[in-house]
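Survey of secondary and tertiary structure
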Amino acid sequence: MEAMVMRGLFGGRYSGRRVLLTGHSGFKGSWLMVWLKQLGADVAGYSLEPATDPAHIHLLGMHDPAFIGDINSDGNLRTTFNRFQPEIVFHLAAQPLVRRSYAQPLETFQTNIIGTSNVLEAARLTPSVRAVVNITTDKVYKNHEWPWPYRESDPLGGHDPYSTSKACVELVHESYRKSFFKEAGILSATARAGNVIGGGDWAEDRLIPDVIRTVVRGEVMSVRNPRSVRPWQHVLDPLSGYLLLGQLLLEGKEQFEGSWNFGPEPADCLSVAGVLDEFGKHWTGVRWKDTSGNKEPHESGMLRLDCSKSQHELGWSPVWNVQEAIARTANWYKTFVTNQRVSSQDDLEAYLANAQKKALTWAI
Ligand SMILES: NC(=O)c1ccc[n+]([C@@H]2O[C@H](COP(=O)([O-])OP(=O)(O)OC[C@H]3O[C@@H](n4cnc5c(N)ncnc54)[C@H](O)[C@@H]3O)[C@@H](O)[C@H]2O)c1
């Protein structure tokens, strides 16, 4: 896609804008970094060093030591805000793993709740900031283990420390929005997306990275919860939602403040076993065993998202269904494992072409 066309996406709102992206060294953040650069934004990152080797941000050649920092260090964070004077902040930095949150609950609460509070405080004290998009999760809802999807108006709650920390983030964000941001002229929103897949993720205890690790070694994968149902989506789908939300907030449209779900169509909420079966169509040799009888920390069994609000009010909808998301993901890792080639740019181009075919407003 031509550079001029790319810069015109999302109403051309990102071209030449100063964007601060926390969590840029992680899975979702590195994809957002690629996309924002393509949109012509002036992007600064703020994250810890990549936690995995390989790391997507390294492979993209976008690792910049100047962008390394801890959100728990409010001094450094404020210096970064002061120096860079961002117009919009996408906050993705977090301890995002449920199982690690059982092993390290205090670190999870510290980073996700206090670290996020530091980011919101730095935004409030930086006069250039006009918009904040705060990334939480589908796990912020009080989970009743029922088949109905959760709406933005449903009660917050949490069982494991990760989910609880993100539900708390929603409350902290709401407090900043009501108490400070209005006065400071900042519009803000939280975004709650489902389970994200795509190339370039090597995090521990996540389904796709675990599949890749075991299939490459020729091992049989142990699957803790094969019957758990999740809203699976390609990483580019929630990112298009975050960018659309950011665009509308930068345009000063107050009606888009609040909370937004970004998830797949209902038919794309598959069980873990369903995802593995689908993945096996693209990569022979995927073998797994059900270890659900083992004693493991609690994880929710059934989680679906109702995305009617973002579809009707933002005009957002997913571009790729779960089959396409899994096919693209398998292909990304295959290309990397066999040719050491990083095909993220190809995925982004294909995604944009499909979004244009669907005539999504942000893409035309
Ligand atoms: N991956 C998913 O399926 C998913 C689903 C819903 C929501 N989310 C949310 O999206 C965001 C990004 O998740 P991800 O999958 O890319 O995770 P990731 O682990 O790949 O990346 C996390 C990022 O946060 C940064 N970080 C962690 N602690 C930090 C600290 N103390 N100071 C500065 N930076 C710190 C890391 O350096 C990294 O850049 C998180 O907020 C997560 O909760 C992820």
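Provided above is the structure to which this section pertains.
Calculation rules
- Residues numbered from 1 in each chain as written.
- Predicted model: local features only at pLDDT ≥ 70, side-chain atom pairs only at ≥ 80, totals over all residues.
- Heavy atoms only, no water.
- Near = heavy atom within 4 Å.
- Polar contact = N/O pair within 3.5 Å; in protein donor to acceptor, adjacent residues only side chain to side chain.
- Areas by Shrake-Rupley, 256 points an atom, 1.4 Å probe, with all protein chains shown as cover.
- Nonpolar A, V, L, I, M, F, W, Y, C, P; charged D, E, K, R; others polar.
- Helix = DSSP H or I, 4+ residues; strand = E, 2+ residues; numbered from the N terminus.
- Expected span 1.5 Å × (residues − 1).
- Bend = angle between axes of the 7 residues up to and from the residue.
- Phe/Tyr/Trp six-rings, centres within 6.5 Å; stacked < 30°, edge-to-face > 60°.
- Buried < 20%, exposed > 50% of the residue type's maximum accessible area, 1.4 Å probe, protein only.
- Lys NZ or Arg CZ within 6 Å of the ring centre and 35° of its normal.

The environment of the ligand is made up of 26 residues, and the closest members are Ser25, Phe27, Ile71, Tyr162 and Lys166. Valine 196 places a main-chain nitrogen or oxygen 2.9 Å from an oxygen atom of the ligand. Bound to the protein, the ligand loses 90% of the 830 Å² it would expose on its own. Of the residues contributing to the shell around the ligand, the split by class is eleven nonpolar, eleven polar and four charged.

Time to look at helix α7 (residues 161–184). Its 24 residues give α7 an end-to-end C-alpha distance of 32 Å, which sits within 8% of 34 Å, the value for a rise of 1.5 Å per residue. Of all the bends in α7, the greatest measures close to 45° and is centred on arginine 177. For α7, the N-terminal cap is aspartate 160; the gap from its side-chain oxygen to the backbone nitrogen of tyrosine 162 is 3.1 Å. Following α7 by one or two positions, glycine 185 adopts a phi angle in the positive range, close to 75°.

Here the focus is the packing of aromatic side chains. Two descriptors summarise a pair of aromatic rings, namely the distance from one centre to the other and the angle between the planes of the rings. By the definition in use, this model includes 22 aromatic pairs. Measuring from ring centre to ring centre gives 5.1 Å for phenylalanine 262 and tryptophan 316, while their planes differ by 75°; the resulting arrangement is edge-to-face. Here tryptophan 316 lies in the loop between α11 (308–314) and α12 (322–339) and phenylalanine 262 lies in strand β9 (residues 258–262), a separation of 54 residues in the sequence. Given a relative accessible area of 0%, phenylalanine 262 falls into the buried group. Ring centres 6.1 Å apart and planes at 20° place the aromatic pair phenylalanine 279 and tryptophan 283 in the stacked group. Pairwise contacts between aromatic rings join Phe10, Tyr14, Trp35, Phe90, Trp320, Tyr351 and Trp362 into one cluster. One cation-aromatic arrangement involves arginine 124 over phenylalanine 180; the distance from NZ or CZ to the ring centre is 4.3 Å. Above the plane of the ring of tryptophan 260 lies lysine 309, whose end atom (NZ or CZ) is 3.9 Å from the centre.

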